[in-house]
Amino acid sequence: GVQTCALPISGDVFAVQQNKALGMLGQADLKDARYGKISVADARARFGGTLGDVRVSSLDARGSFGTLHAAGTISSTSHVALEGRYAGSLSALARIAGNMPATGSVNAPIALAYDGGRAVAQIHDAHFSNASVRGVPINGMSATIGTQGKTVRVYAARAVVANAHAAATGTLDRGLTLTVAGLNVRALRGAGVPLSAGRASLATTVRGPMNAPRLNGTLLLDGGRYGSYPIDAESAVAAVRDR
């Protein structure tokens, strides 16, 4: 679909020409802008350089996504590279991504690159506070994720989920491969799993939209307990939403 974009920009620019080069120095402010599902309450960029090689000394933005403080370069409207720190709520990000049930907040160093319609974001050692997705606690994450059009690709992601290690790679349309090792199933009671004890390892493929993913894989359960019944199991599993 076509993204709608409104950009009310104001600012001050000083420019000087020497030979055939045009140098610029200034700042730009943006308020109450919207791009698709993302709204920007306010943003300010300070920059300098020549056409085709603009250095952004600082970019501060606040909106529905959270807050971003970054610096970088802009060689054209199609080539942007920024590095800085992002902070925001998971529920706000979940609404943008597709209305996933999520709570808590995240604070992470982030690097962004945009090149001719293809964007790549990288976070390292993200810190979470009281965070969960679909009732599953999220303790930490590092990831490299790319987007092009409606396609979202996870090049590599590692996370600590309910104090267990998880890894993922792939795309949601063709299949996202997800593995989790040594998960304490008691941490999943908020997600509707009725086991009071046990450790689980899972290898699965996830497809579909973020708010209604389809899951197919294999589960190994060791030392599980359902009420007064002990359970050790190896099982194929499938899920859509909460089924």
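Note that the coordinates shown come from a computational prediction; the quantities given were computed from them, not determined experimentally.

(A) Spotlight on the overall build of the chain. When you go through the chain residue by residue, the secondary structure sums to one helix and 16 strands. For the C-alpha atoms alone, the extent of the chain along its principal axes is close to 80 × 30 × 30 Å. When burial is assessed residue by residue, the chain has 28% of its 243 residues classed as buried. Taking as baseline every contact in the chain between residues at least 6 positions apart, the subset at least 24 positions apart corresponds to 32%. Accessible area for the chain stands at about 14,500 Å²; split by element, carbon and sulfur atoms hold 56% of it. Each charge class in the chain can be summarised by its mean position, and for the 24 positive and 14 negative side chains these summaries are 6 Å apart.

(B) Region of the structure containing the pattern of salt bridges. Summed over all chains, the structure comprises three salt bridges. We note a salt bridge from Arg44 to Asp29, for which the minimum N-O separation is 2.5 Å. Here Asp29 lies in strand S3 (residues 21-35) and Arg44 lies in strand S4 (residues 38-50), a separation of 15 residues in the sequence. The partly exposed category is assigned to Arg44, whose relative accessible area is 32%. In this structure Asp29 comes out as buried when scored by relative accessible area, which is 16%.

(C) Geometry of a nonpolar patch on the surface. A grouping of Phe14, Val16 and Leu25 is seen on the molecular surface, where their side chains present a nonpolar patch of about 330 Å² in accessible area. In this fold, Val16 is placed in strand S2 (residues 9-18). Since its relative accessible area comes to 47%, Val16 is described here as partly exposed.

(D) Summary view of the environment of Ala212. Residue placement: Ala212 occurs in the loop between strand S14 (197-207) and strand S15 (214-226). In this structure Ala212 touches Arg134 and Arg241, once residues within four positions along its chain are discounted.

(E) Summary view of the pairing of strand S5 (residues 53-63). Two elements, S4 and S5, share 10 bridges in a ladder whose sense is antiparallel. Among the inter-strand pairings, Arg46 is bridged to a residue of S5, identified as Ser58. Taking the residues that link successive antiparallel strands as the turn, the S4-S5 hairpin has two residues, and the phi of Gly52 there is positive, at about 90 degrees. When S5 meets strand S6 (residues 66-76), the two strands line up antiparallel, connected through eight bridges. Bridge pairing in S6 links Val56 to Gly72. Linking S5 back to S6 in an antiparallel pair, the connection comprises two residues.

(F) Structural view of the side chain of Asp29. Of the polar contacts made by the side chain of Asp29, one reaches the side chain of Arg44; its length is 2.5 Å. Setting aside its immediate chain neighbours within four residues, Asp29 contacts Pro8, Ile9, Ser10, Ala43 and Arg44.

(G) How the structure looks around the pairing of S14. Sheet topology places strand S13 (residues 175-184) next to S14; seven bridges connect them, and they run antiparallel. Looking across to S14, one finds that Thr179 is bridged to Ala203. One ladder, built from 10 bridges, connects S14 with S15; its direction is antiparallel. Across the sheet, residue Leu202 finds its bridge partner in S15, namely Leu219.

(H) Region of interest: the environment of Ile145. By the secondary structure assignment, Ile145 is in strand S10 (residues 136-148). Each C-alpha atom, one on Ile145 and one on Leu112, is 9.8 Å from the other, the two residues being 33 residues apart in sequence. Apart from residues no more than four positions distant in its own chain, Ile145 is found in contact with Ala119, Val120, Ala121, Val152, Arg153, Val154 and Tyr155.

Definitions and cut-offs
Residues numbered from 1 in each chain as written. Predicted model: local features only at pLDDT ≥ 70, side-chain atom pairs only at ≥ 80, totals over all residues. Heavy atoms only, no water. Helix = DSSP H or I, 4+ residues; strand = E, 2+ residues; numbered from the N terminus. Buried < 20%, exposed > 50% of the residue type's maximum accessible area, 1.4 Å probe, protein only. Contact = heavy atoms within 4.5 Å. Areas by Shrake-Rupley, 256 points an atom, 1.4 Å probe, with all protein chains shown as cover. Lys, Arg positive; Asp, Glu negative; His and termini not counted. Charge placed at Lys NZ, Arg CZ, Asp CG, Glu CD. Salt bridge = Lys/Arg side-chain N within 4 Å of Asp/Glu carboxyl O. Patch = residues over 30% accessible without salt bridge, like charges linked within 9 Å, V, L, I, M, F, W, Y side chains within 5 Å. Pairing = 2+ DSSP bridges. Polar contact = N/O pair within 3.5 Å; in protein donor to acceptor, adjacent residues only side chain to side chain.

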